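Given next are the chains, with one letter for each unit.
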Amino acid sequence: MEDFKVTGTFIWYYCICKREVWLLAHGMEADQQDENMQMGNAIHETSYKRDSKEVEFAGSKFDVISKENGKLIVGEIKKSSKYLESAKMQLLFYLMELEESGIYAEGELLFPEEKKKETVILTEDTRKQLKQVIEDIKRIAVMPLPMMANRIKYCKNCAYSEFCWS
Ligand code: SF4
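The shown structure was predicted, so the numbers you read here are calculated from the model rather than taken from an experiment. (Residues numbered from 1 in each chain as written. Predicted model: local features only at pLDDT ≥ 70, side-chain atom pairs only at ≥ 80, totals over all residues. Heavy atoms only, no water.)

S.K.: Explain the site of the ligand to me, using residue names and the numbers behind them.
M.R.: As a matter of local geometry, the ligand sits amid C17, E20, N150, I152, C155, C158, Y160, S161, C164 and W165. In terms of residue count, the dominant contributor to the shell around the ligand is helix α6 (residues 161-165) (3 residues). The residue inventory of the shell around the ligand, partitioned by class, reads 7 nonpolar, 2 polar and 1 charged. (Near = heavy atom within 4 Å. Helix = DSSP H or I, 4+ residues; strand = E, 2+ residues; numbered from the N terminus. Nonpolar A, V, L, I, M, F, W, Y, C, P; charged D, E, K, R; others polar.)

Here it is as structure tokens:
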């Protein structure tokens, strides 16, 4: 685990299921044939194809970047707001990475199909919350065993569901 690095993907899963964080951190690949995994990949590819403004920075990919009134806005297009908390924390993580490189930006989560937009800003509180999440992900990653599976509403759409529940 020496090379372990917290990424936006870990932040995303942390907000859904901490056991999933451990499984990912330990290289346990989710079932690529799982229909949820295939659907997720398809949605990802479709939204990226639709938007040609994908930008890569420090290993993170942003969907849209624009400048409004001199303010840099980092946008992320999402299929639905079902995973709003994960999406918010992940975008905060990207904003913090940018900030650490001297780039100050605000975030916007865009849900075109729901005609919704959510502004995401790094504040003292959100920064503190994010730092706690990062520390906890590191703690989970070095645990010798994963936490017990705990059935939650996301299990049925999780690519690890067969692993956890069969
Ligand atoms: S199936 Fe449920 S418990 Fe298992 S990793 Fe997925 S969300 Fe977590």
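S.K.: Please set out the sheet that holds strand β5 (residues 105-111) residue by residue, giving values where relevant.
M.R.: With mixed pairing, the 4 strands of this open sheet are ordered in space as β3-β4-β5-β6. The outermost strands of the open sheet, each flanked by one partner alone, are β3 (64-68) and β6 (116-120). On average, each strand axis in the sheet is inclined to that of its neighbour by 25 degrees, with strand direction left out of account. Each of β4 (71-77), β5 and β6 touches helix α4 (residues 84-100); the most contacted strand, β5, lies at about 150 degrees to it. (Pairing = 2+ DSSP bridges. Axes fitted to C-alpha atoms, helices over the stretch in contact; angles between N-to-C directions. Contact = heavy atoms within 4.5 Å.)

S.K.: Pulling in residues and values, what's your account of α4?
M.R.: Across its 17 residues, α4 extends 24 Å between first and last C-alpha, which sits within 8% of the 24 Å expected from 1.5 Å per residue. With 12 of 17 residues buried, α4 is to be regarded as a mostly interior element. Looking at α4, one finds that the buried residues are S86, A87, M89, Q90, L91, L92, F93, Y94, L95, M96, E97 and L98. Just downstream of α4 lies G102, where phi reads positive at about 85 degrees. (Expected span 1.5 Å × (residues − 1). Buried < 20%, exposed > 50% of the residue type's maximum accessible area, 1.4 Å probe, protein only.)

S.K.: A description of the pairing of β6 should follow, citing residues and the corresponding values.
M.R.: Relative to β6, β5 runs antiparallel, the two being bridged by 5 bridges. Within the sheet, the bridge partner assigned to E108 lies in β6 and is T119. Turn length for the β5-β6 hairpin, with the two strands adjacent in sequence and antiparallel, is 4 residues, and the turn residue K115 shows positive phi of about 50 degrees.

S.K.: Pulling in residues and values, what's your account of the packing of aromatic side chains?
M.R.: Here the structure, examined in full by the defined rule, presents 4 aromatic pairs. Ring geometry for Y83 versus Y154: centroids 5.2 Å apart, planes at 35 degrees, classification tilted. Taken together, the residues Y83 in the loop between β4 and α4 and Y154 in the loop between α5 (124-141) and α6 connect sequence positions 71 residues apart. Residue Y83 is classed as partly exposed on the basis of its relative accessible area, which comes to 23%. Aromatic pair F93 and Y94: ring centres 6.2 Å apart, planes at 55 degrees, arrangement tilted. Judged by relative accessible area, which is 6%, F93 ranks as buried. Three or more aromatic residues joined by ring pairs make a cluster, and in this case those are W12, Y83 and Y154. Its guanidinium or amino end placed over the ring of Y14, K18 lies 4.4 Å from that ring's centre, counting from NZ or CZ. A cation over a ring is seen here: K116 above F111, with NZ or CZ 5.9 Å from the ring centre. (Phe/Tyr/Trp six-rings, centres within 6.5 Å; stacked < 30°, edge-to-face > 60°. Lys NZ or Arg CZ within 6 Å of the ring centre and 35° of its normal.)

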